[in-house]
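Summary of the model geometry
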Protein chains: 2
Amino acid sequence: MGCLKALLCDGGQIRLADVATPVPSPGDVLIRVTMAGICNTDLEVTAGYRPFTGILGHEFVGMVESDPLGELTGKRVVGSINVYCGECPYCRRGETSHCLERTAIGINGRDGAFAEFLALPRPNVHVVPAGLGDIEAVLVEPLAAGMRVVEQVHIQPGHSVAVLGDGKLGLLSARVLSATGSNVVVVGKHGHKLSLARSMGLRTAAVDDFTGPADVVLDCTGSVSGLETAVRLVRSGGTIVLKTTVAGKYKIDLSPIVVREIRIVGSRCGPFAPTLALLERHNLDLAGVVEAVYPLDRGVEAFEHARRKGALKILLSI
Amino acid sequence: MGCLKALLCDGGQIRLADVATPVPSPGDVLIRVTMAGICNTDLEVTAGYRPFTGILGHEFVGMVESDPLGELTGKRVVGSINVYCGECPYCRRGETSHCLERTAIGINGRDGAFAEFLALPRPNVHVVPAGLGDIEAVLVEPLAAGMRVVEQVHIQPGHSVAVLGDGKLGLLSARVLSATGSNVVVVGKHGHKLSLARSMGLRTAAVDDFTGPADVVLDCTGSVSGLETAVRLVRSGGTIVLKTTVAGKYKIDLSPIVVREIRIVGSRCGPFAPTLALLERHNLDLAGVVEAVYPLDRGVEAFEHARRKGALKILLSI
């Protein structure tokens, strides 16, 4: 297949480049990417927060070009991002996202999806049900991050859940958590995003007006100060789920966490299969989260757009 | 009963003073205190960390002098420290230690146990089984704080539990957690305390040698830097239980907590009844934790002793 276009990150700079078609390792599936999403993690990588050199991108949908076992060939698929060894103590416990030899597509030690082709181990690949559009499919990765919260915390029907942050991850997570029967409110700062949240059927509150206390607070602020706000809004004995990964140290007073017996749960990537099943059963009305779609050729411009304050999801059509 | 001796905290100063015998509120039990323990929280109160004026002390054993219902009169008792309203949303959920109107003996809004008499609501009072000595009884409050960890975190047999800190709370908590069948190691800095821990049947490690990773890390360091050490020693997906309440803000990098999906659980006071039951069934071999016993008259001197670096439990005989 020769020479192909890809969006590369090199020394914190992004550029469109010609790359060789990946040669799948034994057991890898080769996927022709059709659509991909820009995530805040991509912005952090290009801002130098994480050291990474290679093809960016970890939210995608595509068609299987070749599968060593044959059966996936021609299927529309999405893929989970953590590639694991299967041998270490974490993998043996089934906690493959904490594999000691872990790589992650487009983030850590492995090329990503902002390219015409992507090679991925077969266990990472999930077939997209026929009823789902490409936009829903490309959002499975961030929606799964919301589903991860349901895996980690026993959120009960009737529990109050405050999703702190009205950005992409906040809106998508709130949509997933609403499906659990809990009482979700998106707490944010931006009128137009809270308005979008309401159009997606979510309850909203301005952060200056909301006093809680919530049983569960999900920090999707992307800001180091999110934890402090979450401590203020969570009930004593309640749970804060941290999604924010921001570089640098932050000063915090730990004593209210002890005295008020607050739980803090770090939360990263989630399970694809139940997220696809949820999307198949329910229309989560997600289209409003997408702000623009750019062709891969205009990928650098797409990144500039994604970096604008308040930007929602930017997709790349490949 | 007229005028009685008590150890008062006033503007961060402690002094022995004559006080009036407390007049029990309706429903309160009046207890003649026989022995009490000095806790790090008492030291923090007298160091001005918490604003408190009144009689100090919240670890005690005593004899019931009068009980409005009669049946406790003459019994040897201990008492849980949080006095609650029974009416607020927390109390209605049974989470009385987070009562919105909470007071705590010798810490917050209510006189404590470093006195000849103490008045306490009846639901806070627990009868001490005949087989237990006064020293075990006076240690029920800090042992219950260790038992609280078992209430909050599902520690499984075979789990590795690192108790960080070889002080009083660390040793007592390690003793309680060992009873759960988990694999407990006390991780500390002080040779003589680690030696004491071993004489109590506990496994030990020097903090510079211990690399973990532990399934659960209990921070009993009493230092704001304890959390950072705990993050280093806990496994990905593991749990850190925070016991340290220290004034002031501490700088911490939150991203490893998110990326490694660490859980942090604030933990305070624990349940008396199961702790008394544990002590009745098992000899926890606790006497070594007590470093000295002072009469109440020498209470100020007892505090000076308790403040010495590396001091273990100091008791007051009343």
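Residues numbered from 1 in each chain as written. Chains lettered and ligands numbered in written order. Predicted model: local features only at pLDDT ≥ 70, side-chain atom pairs only at ≥ 80, totals over all residues. Heavy atoms only, no water.

Side note on the relation of the copies chain A and chain B
What relates the pair of chain copies is a rotation about an axis plus a shift along that axis. Structural alignment of chain A on chain B gives an RMSD of 0.0 Å, achieved by rotating through 180° and translating 0.0 Å along the axis. Overall, the copies show the geometry of a two-fold rotation axis. Closest to the rotation axis within chain A is the C-alpha of K251 of chain A, separated from it by 2.0 Å. Residue by residue, 100% of the interface of chain A is reproduced at the interface of chain B, so both copies engage with the same surface. (Least-squares fit on C-alpha atoms with pLDDT ≥ 70 in both. Contact = heavy atoms within 4.5 Å.)

Some words on the interface of chain A and chain B
Listed by partner, the interface residues are 41 residues for chain A and 41 residues for chain B. Together, the buried faces of chain A and chain B total about 3,500 Å²; carbon and sulfur atoms form 53% of this surface. Our count for the chain A to chain B interface comes out at six salt bridges. As a salt-bridge pair, R235 of chain B and E95 of chain A come within 2.6 Å of each other at their nearest N and O atoms. Our count for the contact surface shared by chain A and chain B stands at 21 residue pairs in polar contact (both at pLDDT 80 or more). Going through the elements one at a time, α4 (140-152), α7 (226-233), β16 (234-242), β17 (249-253), α8 (255-259) and β18 (263-266) of chain A are the ones with two or more residues in the side of chain A that touches chain B. (Buried area = accessible area lost by both parts, 1.4 Å probe. Salt bridge = Lys/Arg side-chain N within 4 Å of Asp/Glu carboxyl O. Polar contact = N/O pair within 3.5 Å; in protein donor to acceptor, adjacent residues only side chain to side chain. Helix = DSSP H or I, 4+ residues; strand = E, 2+ residues; numbered from the N terminus.)

Here we look at the domain arrangement of chain A
All names here are of chain A. By the assigned domains, chain A splits into domain 1 (3-139 + 286-317) and domain 2 (145-266). Contacts between the two partners involve 13 residues from domain 1, matched on the other side by 13 residues from domain 2. For the pairing of domain 1 and domain 2, the buried interface totals around 1,100 Å² over both sides, and the portion due to carbon and sulfur atoms is 67%. The largest share of the area that domain 1 buries against domain 2 comes from Y49, V289 and L312, three residues that together contribute 41% of it. Where domain 1 meets domain 2, there are one residue pair in polar contact (both at pLDDT 80 or more). (Domains from an automatic or database assignment.)

Looking at α4 of chain A
Between its first and last C-alpha atoms α4 of chain A spans 18 Å; for 13 residues at 1.5 Å apiece the expected length is 18 Å, and the two agree. A large share of α4 of chain A lies buried, amounting to 11 of its 13 residues. (Expected span 1.5 Å × (residues − 1). Buried < 20%, exposed > 50% of the residue type's maximum accessible area, 1.4 Å probe, protein only.)

Description of the pattern of salt bridges
Residue and element names in this part refer to chain A. Here the structure, examined in full by the defined rule, presents 28 salt bridges over all chains. Notably, a salt bridge pairs E65 with R32, separated by 3.2 Å at the nearest N-O pair. Taken as a pair, E65 in strand β5 (residues 59-66) and R32 in strand β3 (residues 28-38) lie far apart in primary sequence, 33 residues in all. Taking the shortest distance from any N to any O, the salt bridge between R122 and D67 comes out at 2.8 Å.

Brief notes about the nonpolar core
Ranked by size, the top nonpolar core spans 45 residues in total, and within it V217 and I240 of chain A together with V217 and I240 of chain B carry the most contacts. Discounting residues that sit within four places of it in the chain, I240 of chain B has contacts with V217, L227, A230, V231, V234, I262, R263, I264 and V265 of chain B. (Core = buried A, V, L, I, M, F, W, Y, C linked by side-chain atoms within 4.5 Å.)

Details of the sheet that holds strand β16 (residues 234-242) of chain B
A sheet is described by the order of its strands in space; here 12 strands give the open sequence β14(A)-β13(A)-β12(A)-β15(A)-β16(A)-β18(A)-β18(B)-β16(B)-β15(B)-β12(B)-β13(B)-β14(B), paired in mixed fashion. A single partner strand is all that each edge strand has here, and the edge strands are β14 (203-206) of chain A together with β14 (203-206) of chain B. With direction set aside, neighbouring strand axes in the sheet form an average angle of 20°. In this structure, β16 of chain A lies alongside β18 of chain A, joined through four bridges in parallel fashion. The partner of T239 of chain A across the bridge, within β18 of chain A, is R263 of chain A. Sheet strands touched by α7 of chain A: β12 (160-164), β15 (214-219), β16 and β18 of chain A. Its angle to β16 of chain A, the strand with the most contacts, is close to 150°. Sheet strands in contact with helix α7 (residues 226-233) of chain B are β12 (160-164), β15 (214-219), β16 and β18 (263-266) of chain B, and its direction is about 150° off that of β16 of chain B. (Pairing = 2+ DSSP bridges. Axes fitted to C-alpha atoms, helices over the stretch in contact; angles between N-to-C directions.)

Points about the packing of aromatic side chains
All names here are of chain B. Under the criterion given, the structure shown has two aromatic pairs over all chains. Seen from their ring centres, F114 and F303 are 6.0 Å apart, and the 80° between their planes marks the pair as edge-to-face. In this pair, F114 sits in the loop between β9 (109-110) and β10 (117-121) while F303 sits in helix α10 (residues 299-307), placing the two residues 189 residues apart along the sequence. With relative accessibility at 0%, the residue F114 sits in the buried group. Owing to a relative accessible area of 0%, F303 belongs among the buried residues under this scheme. A cation over a ring is seen here: R93 above Y90, with NZ or CZ 5.0 Å from the ring centre. (Phe/Tyr/Trp six-rings, centres within 6.5 Å; stacked < 30°, edge-to-face > 60°. Lys NZ or Arg CZ within 6 Å of the ring centre and 35° of its normal.)

A closer look at the pairing of strand β13 (residues 183-188) of chain A
All names here are of chain A. The element β13 is extensively covered by neighbouring structure, given that five of its six residues are classed as buried. Sheet analysis places β12 next to β13, joined by five bridges and oriented parallel. Bridging from a neighbouring strand, V163 pairs with V186 of β13. Strand direction decides the pairing type here: β13 and β14, joined by four bridges, are parallel. Across the sheet, the residue bridging to V187 is A205, located in β14. Note on the crossover from β13 through helix α6 (residues 191-199) to β14: the handedness is right-handed. (Right-handed = clockwise from strand over helix to strand, strands pointing away.)

Brief notes about the sheet that holds β9 of chain B
Residues and elements named next belong to chain B. On the basis of which strands lie adjacent, the open sheet formed by three strands has the order β7-β8-β9 and mixed pairing. The strands lining the two open edges of the sheet, one partner per strand, are β7 (82-83) and β9. Taken together, the two bridges between strand β8 (residues 103-105) and β9 define a ladder with parallel strand orientation. Considered in β9, the bridge of A104 is made with G109.

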